[in-house]
Each structure stands twice: as structure tokens, then as C-alpha cells.
Amino acid sequence: MLRSDQILSTVEMIQKENLDVRTVTMGINLLDCHAETVAKTCANIEEKIHTFAGNFVPTCNEMGEKYGIPVVNKRLSVTPIAFVGAGFERDGFVEIAKALDRAATSVNVDILGGFSAQVEKGMTQTDHEFIASIPDALAQTEKICASINIATTKKGINMDALAMMGHTIKAIAEKTADNNGFGAAKFVVFCNQPGDNPFMAGAIHGLEESEAVLNVGVSGPGVIARALDRLIADHPEPGALQFDELAEEIKQTTFRVTRCGELIGRAVSMSLGIEFGVVDLSLAPTPAIGDSVGEIFKILGMDAIGAPGSTAILAMLNDAVKKGGIFASKTVGGLSGAFIPVMEDSLLAEAVGEGSLCLEKLEAMTCVCSVGLDMVPIAGSVDADTISAIIADEMAIGVINAKTTAARLIPVPGKEVGDSVSFGGLFGAAPIMPIRNIGKSSRFIAWGGRMPAPIHSFKN
Amino acid sequence: MQKKMVISVMSKDRPGIIADVTGALLELGGDVADLNQTVLCGYLTMILGVTFPSDITREDIFASISHVKSREKFELSVKELPETENFNDIPQAEESYILSLQGPNCKGIVHAVSSICGRNNVNIIDLGTSLQQDRYTMAVQCSIKDATCTLEELRKEFEEYGRDAEQTIMMQHYDLFRATNEVTLH
């Protein structure tokens, strides 16, 4: 029998800190679904998803019930569709997106990622057709998420693809203008995109993966925030706690949180007979009160998020989460860090409204955490080249620092600085983020070609 | 042929009780297969599984332990296991859950919780309680393998009792507690 204090610490984590498993994501290889026609390929895709994921959602629910910890999101990721649909044209890719959407709906998952391409060095004719299909594909589906990897540390940045990204994002937003450009919230541009990330919108089933695999995303920042609250309340005297003790608390809490994710992921894996992949240690906030990375900034001493010291706090948080989580899991992967998605984190959104958090500070913070400029709503009037240039800066951070970075920018049609946008649910709400120096980067974007891969020595 | 005895001993706690009792059993040729002890309210209680040569009787064990010099006499109970039973015939704690209860102290909590378990054929494997500043805490490890109701029904019944008695009750799978508190993940 465990000691009662051990039992109670776990009970508190479950009860007071709303412990959950944020996502179990099943990755499925679809390469063998390619057929001569688009129609046959679509049929193969639907059949394969049914075969592998037919019992996926009920099994996750059953394990959540058994262990008393809910699996909040059940998701699918698939092989980047540009590979699956090699040789098809734009309209064919839109049909594949619809087939994926039907399959996702029929197996009752929340969302499906992998409408993706990997073009970090060059683009094939298929890649061009695929990228051109993304605005229609996202406008005509509900559950599909798209992503493009345009940069890696080994290959540098594909500047031609980068230039296309600004236009693609604007086109997605305009095609979904009735819903404030919501489609752009389901599209993310990556540097060093991992093939085993369970979080959206950037989940794919990488080419290096096996036939099917289960990846798990652990519980959100609320658990860490409550643990810190409790520790600080237990040490009310000034000077009773130091920063390293707070880091230690985060580390230990992450260990326990990760263990819960690993336990439930393995139980689902065993029940379905599908290989267990990785636990992704990322702290993914939601708009729900008490589930905010921004709240952790405030607990750790920031009176305004974005004030000097914010990057240092995020660096410690990200590192402590990794230290606790890596020991707790046999296999860690995905993004594994703290997310700072503006719209999905109510306190970050509030900081944008108050003017304490600007794009440049957010960009600086992405140097020390995963994943990048995430869920940032900007004015619909910002031009495509400026959007591409913002993405270029984020890609450069990833390339040079050999880490994953990404950009999910939402140019909200008809909205300007001073307005707000709300997508509801997990996608949240935020004021429009001001962008400085709009229209000053077009000559840079127009070069095209490639930004060469960086030197891997002399790291200063 | 050896005899298998289950022995329970209770005494006012003091240093050396386990040494004295196991010494007395050793003199009879006893081999301790399993032992569990706890101290509650200043009293030690322990239960032992011991194998003896076939000629040793319950009376020999009583006599041997009674001869231990101690300020306070041991309260003893000895039970011989049938030949067909073994010490390691412990029912596996399959489908083992931890029931935790926290709330203000009041009469009848243990009885109420154990009655719900008993009524639904839920076997209590281990139970511990503590009282701090009138706040009562109970942790129960139980097996629902042979329960006559579903887990959901059981949780609901405990929830209803908790609401009535102003106690916070949670029931979680045992593996969850092991996973979050032990280094090795089984």
C-alpha cells in the first residue's frame, strides 16, 4: 500500500488541479492508399482510417473512465498528404481533404492533422498543386488541419515556399471570412516539424513512423499553476522560497503528470494493439480559466506578461518541464515544451489587449520554448509579404537554434488593431496584435531561392 | 511435512518486540515466510506467516511466545493453515482501486464506506486513516474484481454518501498512484 501522503498528493492533482490527458493522437500511414485515381485514393483512405481508428474513441473513453482521468481530445494524424497524393492536381487534393474529413467524422475524432507537405529544400509540381489546394480544402472541411514544413536546420529555409505562405494564409483567411478567417487557425508553417507531434494544427504521421502509432499529449499548465500556488501558500514568509525551489516543484509535478499520460496512453495502445509512440511534454493552455501559461508567469513574479524577465521565466518553465517529463516516460517526442498560443491562453490574450505583450517580445520568448508565434490574430489588411517576413524570422530562430518553431498567424478579414476576434471553444479569443513596419519587407521576400543551412560549429 | 501457521501478536509498543517474538519462533524451528506490522495509538500489532516442523503445535507457539520476558503480556492468536493452502496464495489485487476520503471527522465513516464495499462484494485489501485538526482522511485499497456492480455504479454510490456526509470521496485506479509515485513504471 502506498503512503497516505502519496495518495493524497495524487488525489489533489486529479481533483483540484483538473488533471487530464490533453490528447491521444493516432498516427496512421496512408502512403499505401495512393491509387491511380483521386476517387480510388479517397476510398482507400477512408477504409484505412476506419480499419485502424474505428474503436479508437470508445477505447480512449473507456480507459479515461477506468483510470478516472479524462482523455480530452481524440485526434488523428496522417502521412503528409502531398506524398499520398503525388501526381494529383489541386482539385484532387481538395477531394482528399473532404475524404479525410468524412473519415474523421465517422470515427468521431475531434480533429485530423496531416494535410501537409514538406518543402524545406525544394518543391515538386505536386507540392505546388497541394499548396494551391489548401485554402479551398480548409474552407470546405471542418476537422482538417494543414501544415507546411518550409525550413530545417540541415537544409535552411525554402524562400520560394516562404513567399507563398503569406499569400496562402491570406487566401485561407479570406475563404473563411464569414468566420473571421478561422481557416487560418488550422494552418501552421513549421521549421524542423516533428513527425510524432500529437498537438494540432501541426500533427503529422512522419515518413519515419511505422504503420500506426499512438502519441500522447500530457495535461495542461493548470496543473503546474495549482502546484505552484500550493507551494507558495505553504511558504508565506518572505524569502522562504527561492526560484530553484519553484523549478523543482514544476519538475516534480511534470513527472507525475507525464506518468499519467504514459499510463493511459499505454493502456489505450495495449487495448487497440497499436504501437505506443511518444509522450509529448508540451504544456498546452486552453482558454478555460486556470489553464493558462500566462498564469504561471504571474505566479512566478511577472506583474505584466511580456515585461522584462518573461523570457527568463519561460526558459526555466520549459526546461523544468522537460527535466521532469523525460525521466517519467520511456519515449518522449513531439514538441515537448511550453506553448504560448495567444488566442488559446486567456492571460496572454489579455496581455496583448493591455499592450504589455507585443509581437517582438512574443518572438523573443519563442527562442526558449516550443513552438512559436502561435494563434496570433493580426489585422486582415496586413500584406502577404509582411506575413511571410514574420514567418521568416520565426523560421530563422528554429534553423539557427536547431529547434522546432512554427507560425500560426490569422489575418482576420475586416478587423484592425483595437478590434478583437473570438473563435470560441478551444481556439479562444484575443485582441488583434499590432504589427509594426507593415509593408517594409517585400524586397526581402521577393528574392526567393533558399536561405542556406547554417554552420554547425562556432555557436555563439 | 511442515506446518503453516498464521500468528497475530498485539502488545504495547516498545523496542525489541519483533526480535523477541521472532526469536521465540526460531527456537521452535520456525521460518518466517511473511510478516506485516503496524503501530497504532502506541500499540504494536503484527501478523506473521511461519512454517514449523510437523511436530510443533499451536500450544508450543503460545508457550514459547508467552515465555518472552515483557512488561506487558502479548495478546496472541494462532491459526494453522490447511495443507492445501499456501502463504503465497494471496488473491491478486486485480482491478485494484484506491478510494480516498477527506472531510470533517464524524462517527461511522469507516463503517459506512466498508458497508458500501461489503454490500457490493468489493474486497478491502488495505485501509488507513488519519485525523489532523478534526480533518479526517481515509485511504482504502480495494479490489472490484468480483464486485456485483459496475465501477460507475460504485463511484455513484460513494459520491452520494460523500454528499450526504460532507466528505470528498474519489475512486481512482491503483496503477495511477503507482505511476505517479514510483520510479519504475510497471
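Being a predicted model, the structure only gives us computed values, none of them experimental. (Residues numbered from 1 in each chain as written. Chains lettered and ligands numbered in written order. Predicted model: local features only at pLDDT ≥ 70, side-chain atom pairs only at ≥ 80, totals over all residues. Heavy atoms only, no water.)

Draft legend 1. Representation of the overall build of chain B. In terms of regular secondary structure, chain B is built from five helices and eight strands. Projecting the C-alpha coordinates of chain B onto the three principal axes gives extents of approximately 55 × 40 × 35 Å. When contacts within chain B are restricted to residue pairs at least 6 apart in sequence, long-range pairs at least 24 apart make up 70% of them. On chain B, roughly 10,900 Å² of surface is accessible, and the fraction owed to carbon and sulfur atoms is 49%. When the 17 positive and 28 negative side-chain charges of chain B are each reduced to one mean point, those points stand 6 Å apart. (Helix = DSSP H or I, 4+ residues; strand = E, 2+ residues; numbered from the N terminus. Contact = heavy atoms within 4.5 Å. Areas by Shrake-Rupley, 256 points an atom, 1.4 Å probe, with all protein chains shown as cover. Lys, Arg positive; Asp, Glu negative; His and termini not counted. Charge placed at Lys NZ, Arg CZ, Asp CG, Glu CD.)

Draft legend 2. Molecular detail of the overall build of chain A. Counting its secondary structure elements, chain A contains 15 helices and 13 strands. The C-alpha radius of gyration computed for chain A amounts to 21 Å, which stays within 12% of the reference 23 Å derived for 460 residues, consistent with globular compactness. Over its C-alpha atoms, taken along the principal directions, chain A stretches across nearly 65 × 50 × 45 Å. By the burial criterion, 62% of the 460 residues in chain A qualify as buried. The long-range fraction of contacts in chain A, counting pairs at least 24 apart against all pairs at least 6 apart in sequence, stands at 79%. Accessible surface, chain A as shown: approximately 16,600 Å² in total, 52% of it carbon and sulfur. (Rg over C-alpha atoms; globule rule 2.2 N^0.38 Å. Buried < 20%, exposed > 50% of the residue type's maximum accessible area, 1.4 Å probe, protein only.)

Draft legend 3. Region of interest: the sheet that holds strand E3 (residues 43-52) of chain B. Residues and elements named next belong to chain B. If you trace the four strands from one edge of the open sheet to the other, you get E2-E3-E1-E4, paired in antiparallel fashion. Each edge of the open sheet is held by one strand with a lone partner, namely strand E2 (31-40) and strand E4 (75-80). For this sheet, the mean inter-axis angle between neighbouring strands, taken without regard to orientation, is 10°. Pairing of strand E1 (residues 3-12) with E3, which is carried by ten bridges, proceeds in the antiparallel orientation. Along E3, the bridge assignment pairs Ser 11 with Leu 44. Sitting on the sheet, helix H1 (residues 17-27) touches E1, E2 and E3, and the angle it makes with E3 is about 25°. Contacts between helix H2 (residues 58-66) and the sheet are confined to E1, E3 and E4, with E4 contributing the most and set at about 155° to the helix. (Pairing = 2+ DSSP bridges. Axes fitted to C-alpha atoms, helices over the stretch in contact; angles between N-to-C directions.)

Draft legend 4. Broad picture of the nonpolar core. Ile 49, Leu 100, Phe 115, Ile 150 and Ile 391 of chain A are the most contacted members of the largest nonpolar core, which has 161 residues in total. Not counting residues up to four positions away in its chain, the partners in contact with Leu 100 of chain A are Leu 30, Ile 45, Ile 49, Val 78, Ile 81, Leu 112, Phe 115 and Ile 144 of chain A. Leu 99, Val 113, Leu 151 and Tyr 161 of chain B belong to the second-largest nonpolar core, a separate cluster that totals 23 residues. (Core = buried A, V, L, I, M, F, W, Y, C linked by side-chain atoms within 4.5 Å.)

Draft legend 5. Broad picture of the packing of helix H5 (residues 90-106) of chain A against helix H6 (residues 125-139) of chain A. All names here are of chain A. Contact geometry of H5 with H6 gives a least axis separation of 8 Å together with a crossing angle of 55°. For the element pair H5 / H6, the angle class is oblique. Like other packed secondary-structure pairs, H5 and H6 cross with a definite hand, here right-handed. Of the residues in H6, those touching H5 at Arg 90, Phe 93, Val 94 and Ala 97 are Thr 126, Glu 129, Phe 130, Ala 132, Ser 133, Asp 136 and Ala 137. A breakdown of the residues in the contact of H5 with H6 according to their chemical character gives six nonpolar, two polar and three charged. (Parallel < 35°, antiparallel > 145°, perpendicular 65-115°, else oblique. Left-handed = near helix turned anticlockwise from the far one by under 90°. Nonpolar A, V, L, I, M, F, W, Y, C, P; charged D, E, K, R; others polar.)

Draft legend 6. View of the sheet that holds strand E7 (residues 135-143) of chain B. Residues and elements named next belong to chain B. Pairing is antiparallel across the open sheet formed by four strands, whose spatial order is E6-E7-E5-E8. Both edges of this open sheet fall to strand E6 (123-132) and strand E8 (168-173), since each of them pairs with a single strand only. Each strand of the sheet is rotated relative to its neighbour by a mean of 15°, with strand direction disregarded. Docked against the sheet, helix H3 (residues 109-119) engages strand E5 (96-104), E6 and E7, running at close to 20° with respect to E7. Sitting on the sheet, helix H5 (residues 174-181) touches E5, E7 and E8, and the angle it makes with E8 is about 80°.

Draft legend 7. Layout of the state of the cysteines. Within the structure shown, the criterion is met by zero disulfides over all chains. Free cysteine Cys 191 of chain A: the closest other cysteine sulfur is in Cys 367 of chain A, separated by 12 Å. You can call Cys 191 of chain A buried: its relative accessible area is 0%. Among the cysteines around Cys 142 of chain B, which has no disulfide bond, Cys 117 of chain B carries the closest sulfur, lying 5.0 Å off. Given a relative accessible area of 1%, Cys 142 of chain B falls into the buried group. (Disulfide = S-S within 2.5 Å.)

Draft legend 8. Summary view of the interface of chain B and chain A. In this complex, chain B contributes 29 residues to the contact, which on the side of chain A involves 23 residues. Of the roughly 2,400 Å² buried between chain B and chain A, counting both surfaces, carbon and sulfur atoms make up 67%. In this structure, the connection of chain B to chain A is made through two salt bridges. Here Arg 155 of chain B makes a salt bridge to Glu 65 of chain A, at a shortest N to O gap of 3.4 Å. Here chain B and chain A share seven residue pairs in polar contact (both at pLDDT 80 or more) between them. Only E5, E7, helix H4 (151-165), E8 and H5 of chain B provide two or more residues apiece to the side of chain B that touches chain A. (Buried area = accessible area lost by both parts, 1.4 Å probe. Salt bridge = Lys/Arg side-chain N within 4 Å of Asp/Glu carboxyl O. Polar contact = N/O pair within 3.5 Å; in protein donor to acceptor, adjacent residues only side chain to side chain.)

Draft legend 9. Region of interest: the domain arrangement of chain B. By domain assignment, chain B separates into domain 1 (3-80) and domain 2 (96-181). Look at where the C-alpha atoms of domain 1 of chain B and domain 2 of chain B centre, and you get two points 32 Å apart. (Domains from an automatic or database assignment.)

Draft legend 10. Representation of helix H9 (residues 243-272) of chain A in the model. For H9 of chain A, which comprises 30 residues, the first-to-last C-alpha distance of 43 Å matches the rise-based estimate of 44 Å (1.5 Å per residue) to within 8%. Just past H9 of chain A, the residue Gly 273 of chain A takes up positive phi, approximately 70°. (Expected span 1.5 Å × (residues − 1).)

Draft legend 11. A look at the pattern of salt bridges. Residues and elements named next belong to chain A. Tallied over the entire structure, the rule returns 21 salt bridges over all chains. A salt bridge links Asp 374 to Arg 408; the nearest nitrogen and oxygen atoms lie 2.7 Å apart. You can see Asp 374 sitting in strand E9 (residues 372-379) and its partner Arg 408 sitting in strand E10 (residues 405-412), a full 34 residues away along the chain. Take Arg 408: its relative accessible area is 3%, and that puts it in the buried class.

Draft legend 12. Quick look at the pairing of E7 of chain B. Residue and element names in this part refer to chain B. Within E7, eight of the nine residues are buried, leaving the element largely enclosed by the surrounding structure. Alignment of E5 against E7, held across nine bridges, turns out to be antiparallel. Residue pairing across strands places Tyr 97 opposite Cys 142, the latter belonging to E7.

Draft legend 13. Summary view of unusual backbone geometry. Put simply, Met 200 of chain A and Ala 201 of chain A share a cis peptide bond, and its omega is 15°. Mapped onto the elements, Ala 201 of chain A comes out in the loop between strand E6 (187-191) and strand E7 (212-217). Located in the positive-phi region is Cys 41 of chain B, a residue other than glycine, with phi close to 55°. Following the sequence through the fold, Cys 41 of chain B ends up in the loop between E2 and E3. Judged by relative accessible area, which is 71%, Cys 41 of chain B ranks as exposed. In this model, Asn 121 of chain B sits at a positive phi of 55°, which is unusual for a non-glycine residue. Relative to the assigned elements, Asn 121 of chain B resides in the loop between H3 and E6.

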